[in-house]
Amino acid sequence: MDGKIAQRLRAIVGEDNYLDSVEDLINYSYDASVDEALPEAVVLPETTEEIAEIMKLANSAGIPVTPRGAGTNLSGGTIPHKGGIVIALTRMKKILELSKENRYAIVEAGLTNLELQNEAHKLGLFYPPDPASWAVSTMGGNVGENAGGPRGVKYGVTRDWILGLKIVLADGRIINTGGITAKNVTGVDMTSLFCGSEGLLGIVSEITVKLLPIPPFRQSIQAFFPRIDGASGTVTRIIGSGIVPVALELMDSVVINMVEDSKKIGLPRNVQGVLLIMVDGPESECRRQSSMIEEICIDQGASHVDVAGTADEEEALWVARRAAFGVMSQKLPNCILEDVTVPVSRLPEMIKGIIKIGETYDLTIGVLAHAGDGNTHPMIVTDKRDTDEWERVEKAVSDIFHLAVDLGGTLSGEHGIGLSKKPFMHLIYNEHEFQLLRELKQILDPKGILNPGKITD
Ligand SMILES: Cc1cc2nc3c(=O)[nH]c(=O)nc-3n(C[C@H](O)[C@H](O)[C@H](O)COP(=O)(O)OP(=O)(O)OC[C@H]3O[C@@H](n4cnc5c(N)ncnc54)[C@H](O)[C@@H]3O)c2cc1C
């Protein structure tokens, strides 16, 4: 980093919040994907105005800037591919407003999802988007990726819950989108434009979100299926029956066995699939839906169905699901967690297809799915240093993307494009659509300094 620029950055954020030792830079060179690249400097601002000053400086000097929350994204979105400055938002953690009457919160971008949940709970409220990474992932990162989570089947994803944003543009201008009202159609929906834009169009410093009252009752159901078709077919039937579950998660036998190896919680090893289903609402309605779900599961060939009667029993049912990614990623040095989404009715074909792709390339692929959304997470456990296997992994990933698109699906349900899916954008975007994306980027960031090397480059 040029000495004068470094000095000015230090003056903006303070000496302690400017990092450029190799040891520090390494901490910001990777995320939860497999790529890595070193930035030249990391700054940790505390206010929107500091971000604006950093951006004015970077813009006039043409220095790349990569915004970063907790770095848990799985697509290489925070890899500082072209060097430059990483702006880490993790010091900006304030809850600026939490209104029970109007059911909204205004938070700074570095607050974790769970920190917001904990505060909202004290008022009997909750924030519906619940990425499995919620204990560490930031609200800014959730907006950057338009994150979802198990509750997405009923409650949708981040985009559905944001009322407004404060954003610093590439040249340092500060703008506000949306507002605090439940309804707002004043002009073009700029909030949605920035949600899911992966740090390419601006840096989000504050987020206004809607909150909901905590439902009076909820119940979880776990069903084991000797055949994977029974499990995936059950998903289609439940969604088609008119029930709107909160969560409808699927794990295949690879995941079940790896979780059991590690956790020893008594999961049956001889089943091909398990479903975890949650409903919420008034108690009588939950119980009615639970029995309908139980019937569908049995009709689809479930060998065993558990309906949780107490909060502790429910907690026990979710242990395996929560442990799944951690367990899979400990098996070998790399775990590629993919994220394709298909219409729910095509889920059985998608899951069978993934299993076949694993066999074709002789790879261990476990399937985890937010099945009620048609969002599958094939997890390939591998070692990137094994070049022969890595070639097969790349082919398998490409086949998975092609299959999803052939089934009417898409490249990403929640993890974004980043570096890892950029080569496949042509499967979804035609030339005109892609050009429009580039033009939008050009308007908002004419020098191309914000998170360069991703999606539009
Ligand atoms: C174990 C595990 C489980 C996960 N489970 C889920 C899940 O259930 N659902 C899901 O959707 N994802 C999940 N993820 C992926 C990831 O946690 C989410 O995408 C999360 O939203 C990223 O938040 P973050 O703070 O880590 O953001 P980062 O990874 O730091 O950043 C994500 C993207 O947003 C941009 N960005 C970050 N902050 C800002 C900002 N303030 N302004 C503008 N752009 C910004 C970055 O440049 C990057 O492109 C999981 C990841 C892991 C490791």
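Residues numbered from 1 in each chain as written. Predicted model: local features only at pLDDT ≥ 70, side-chain atom pairs only at ≥ 80, totals over all residues. Heavy atoms only, no water.

**Structural notes on the sheet that holds strand β9 (residues 174-178)**
Part 1 of the argument: Sheet architecture is open: five strands sit in the order β5-β6-β10-β8-β9, paired in antiparallel fashion. Looking at strand neighbours, the two that pair on one side only are β5 (95-99) and β9, the edges of this open sheet. Across the sheet, the mean angle separating the axes of adjacent strands is 10° when strand polarity is ignored.
Part 2 of the argument: Sheet topology note: the strand β8 (residues 162-168)/β9 ladder contains five bridges and is antiparallel. Of the residues in β9, the one forming a bridge with V168 is I174.
Part 3 of the argument: On the sheet, helix α4 (residues 113-122) packs against β5, β6 (104-108) and β10 (203-210) and is oriented at approximately 40° with respect to β5. (Pairing = 2+ DSSP bridges. Helix = DSSP H or I, 4+ residues; strand = E, 2+ residues; numbered from the N terminus. Axes fitted to C-alpha atoms, helices over the stretch in contact; angles between N-to-C directions. Contact = heavy atoms within 4.5 Å.)

**Here we look at the nonpolar core**
Part 1 of the argument: Counting residues in each nonpolar core, the largest one holds 108 residues, and the members touching the most others are M55, I87 and I207.
Part 2 of the argument: The leading source of residues in this core is helix α13 (residues 387-406), at seven residues.
Part 3 of the argument: With sequence-adjacent residues up to four places away left out, I87 is seen in contact with V43, P45, I51, I54, M55, V65, T66, P67, R68 and I203. (Core = buried A, V, L, I, M, F, W, Y, C linked by side-chain atoms within 4.5 Å. Buried < 20%, exposed > 50% of the residue type's maximum accessible area, 1.4 Å probe, protein only.)

**Quick notes on helix α14 (residues 431-444)**
Part 1 of the argument: Taking 1.5 Å per residue, 14 residues should reach 20 Å; α14 reaches 20 Å between its end C-alpha atoms and fits that length.
Part 2 of the argument: Listed in full, the buried residues belonging to α14 are F434, K441 and L444. When α14 is viewed along its axis, its buried side chains cluster within an angular range of 90° and face the same direction. Along α14, exposed side chains directed more than 90 degrees from the buried face belong to E431, H432, L436 and I443.
Part 3 of the argument: Summarising the contacts, the buried residues of α14 are in contact with α7 (190-194).
Part 4 of the argument: Among the residues of α14, the N-terminal cap falls to N430, whose side-chain oxygen and the backbone nitrogen of H432 are separated by 2.9 Å. (Expected span 1.5 Å × (residues − 1). Arc of directions from axis to C-beta. Polar contact = N/O pair within 3.5 Å; in protein donor to acceptor, adjacent residues only side chain to side chain.)

**Quick look at the site of the ligand**
Part 1 of the argument: Taken together, 34 residues surround the ligand, and among them P67, G69, T72, S133 and T138 come closest.
Part 2 of the argument: In the environment of the ligand, an oxygen atom lies 3.1 Å from a nitrogen or oxygen atom belonging to the backbone of E198.
Part 3 of the argument: Within the complex, the protein chains bury 93% of what would otherwise be the 970 Å² of accessible surface of the ligand.
Part 4 of the argument: Only β3 (65-68), α5 (139-145) and β10 provide two or more residues apiece to the shell around the ligand.
Part 5 of the argument: With five residues, α5 is the largest single contributor of residues to the shell around the ligand.
Part 6 of the argument: Taken together, the residues of the shell around the ligand break down into 11 nonpolar, 19 polar and four charged. (Near = heavy atom within 4 Å. Areas by Shrake-Rupley, 256 points an atom, 1.4 Å probe, with all protein chains shown as cover. Nonpolar A, V, L, I, M, F, W, Y, C, P; charged D, E, K, R; others polar.)

**Here we look at the state of the cysteines**
Part 1 of the argument: Tallied over the entire structure, the rule returns zero disulfides.
Part 2 of the argument: With no disulfide of its own, C286 has C297 as its nearest cysteine by sulfur position, at a separation of 16 Å.
Part 3 of the argument: By relative accessible area, which is 0% here, C297 ends up buried. (Disulfide = S-S within 2.5 Å.)

**Here's the deal with the packing of helix α8 (residues 228-240) against helix α10 (residues 283-299)**
Part 1 of the argument: Relative orientation of the contacting elements α8 and α10 amounts to 145°, with a least axis distance of 9 Å. Note on packing geometry: the crossing formed by α8 with α10 is right-handed. Contacts between α8 and α10 involve T234, R237 and I238 from the first element and I293, I296, C297 and D299 from the second.
Part 2 of the argument: Counted by class, the contact of α8 with α10 contains four nonpolar, one polar and two charged residues. (Left-handed = near helix turned anticlockwise from the far one by under 90°.)

**Structural notes on the environment of H415**
Part 1 of the argument: Mapped onto the elements of the fold, H415 is located in the loop between α13 and α14.
Part 2 of the argument: Put simply, H415 and N146 are 269 residues apart on the chain and 8.0 Å apart in space, counted from C-alpha to C-alpha.
Part 3 of the argument: Ignoring sequence-local partners within four residues, the contact set of H415 consists of L74, S75, E145, L337, D339 and H377.

**Structural notes on the pattern of salt bridges**
Part 1 of the argument: Throughout the structure, instances matching the rule amount to 24 salt bridges.
Part 2 of the argument: Look at the salt bridges and you will find they share partners, linking R227, D229 and K352 into a network. (Salt bridge = Lys/Arg side-chain N within 4 Å of Asp/Glu carboxyl O.)

Geometry only, nothing functional implied.
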